[in-house]
Amino acid sequence: MGPPARGAWRRLGISRNGGPLLEEREAIWLQVGNEFADSRGFAGTTVFDGATVRFHHEVGEPGEDVGSLRWDGENLVESGSNPDGSTFLEIWTPLPGRQGEAGSWRVGDCQVVRVGCHVVHVDGTAGTYLRTASPDSP
């Protein structure tokens, strides 16, 4: 399956090379259309060729994630390989507050993606996650 056209997820854990599922640090992934931002410090475009999903890192940390996505209940399971041949499996769970406005903006070496009350900003040095007030908050 290809990436959802819109979403906000928090990673529950990652398994490397078939090892145990661990969470090393907070990871937030926002997707709007074919553009994404990841709080670990990279953003760019997503391409799906009918079998493989490619996350092209165009801002921040260079690289490319190649793999597949599948649903497991409400969670997304991403599995694939890295350029060095190592493998990974990540479990992503949807964040509350993902309804509402969404968009992606890129200027130079900076990309910002918003989905509902979630914002990820990535530039040439880092990624930052911000949760704004929910539209339903007083």
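Scroll up for the structure.
In this report, the structure presented in the accompanying data block is examined. Everything quoted here is computed from the prediction, not taken from an experiment.

Along the chain, the position of G19 falls in the loop between strand 1 (6–16) and strand 2 (28–32). The spatial distance from the C-alpha of G19 to the C-alpha of G80 is 14 Å, given a sequence separation of 61 residues.

Before going further, it helps to spend a moment on the sheet that holds strand 3 (residues 35–38). One closed barrel accounts for eight strands, arranged 1-2-3-4-5-6-7-8; its pairing is antiparallel. Averaged over all adjacent pairs, the angle separating strand axes in this sheet is 35 degrees, with direction ignored.

Glancing now at the packing of aromatic side chains. Using the criterion set out here, one finds five aromatic pairs in the structure. When the centroid spacing of 6.3 Å and the interplanar angle of 65 degrees are considered together, the rings of F36 and F42 count as edge-to-face. The exposure class of F36 is buried, given its relative accessible area of 1%. Since its relative accessible area comes to 6%, F42 is described here as buried. Each residue in the set W9, W29, F36, F42, F55 and W92 is aromatic and connected to the rest through ring pairs, giving one cluster.

What follows concerns the side chain of T45. Among the secondary structure elements, T45 is positioned in strand 4 (residues 42–48). A polar contact of 2.7 Å, which involves the side chain of T45, links it to the side chain of E58.

Criteria and cut-off values
Residues numbered from 1 in each chain as written. Predicted model: local features only at pLDDT ≥ 70, side-chain atom pairs only at ≥ 80, totals over all residues. Heavy atoms only, no water. Helix = DSSP H or I, 4+ residues; strand = E, 2+ residues; numbered from the N terminus. Pairing = 2+ DSSP bridges. Axes fitted to C-alpha atoms, helices over the stretch in contact; angles between N-to-C directions. Phe/Tyr/Trp six-rings, centres within 6.5 Å; stacked < 30°, edge-to-face > 60°. Buried < 20%, exposed > 50% of the residue type's maximum accessible area, 1.4 Å probe, protein only. Polar contact = N/O pair within 3.5 Å; in protein donor to acceptor, adjacent residues only side chain to side chain.

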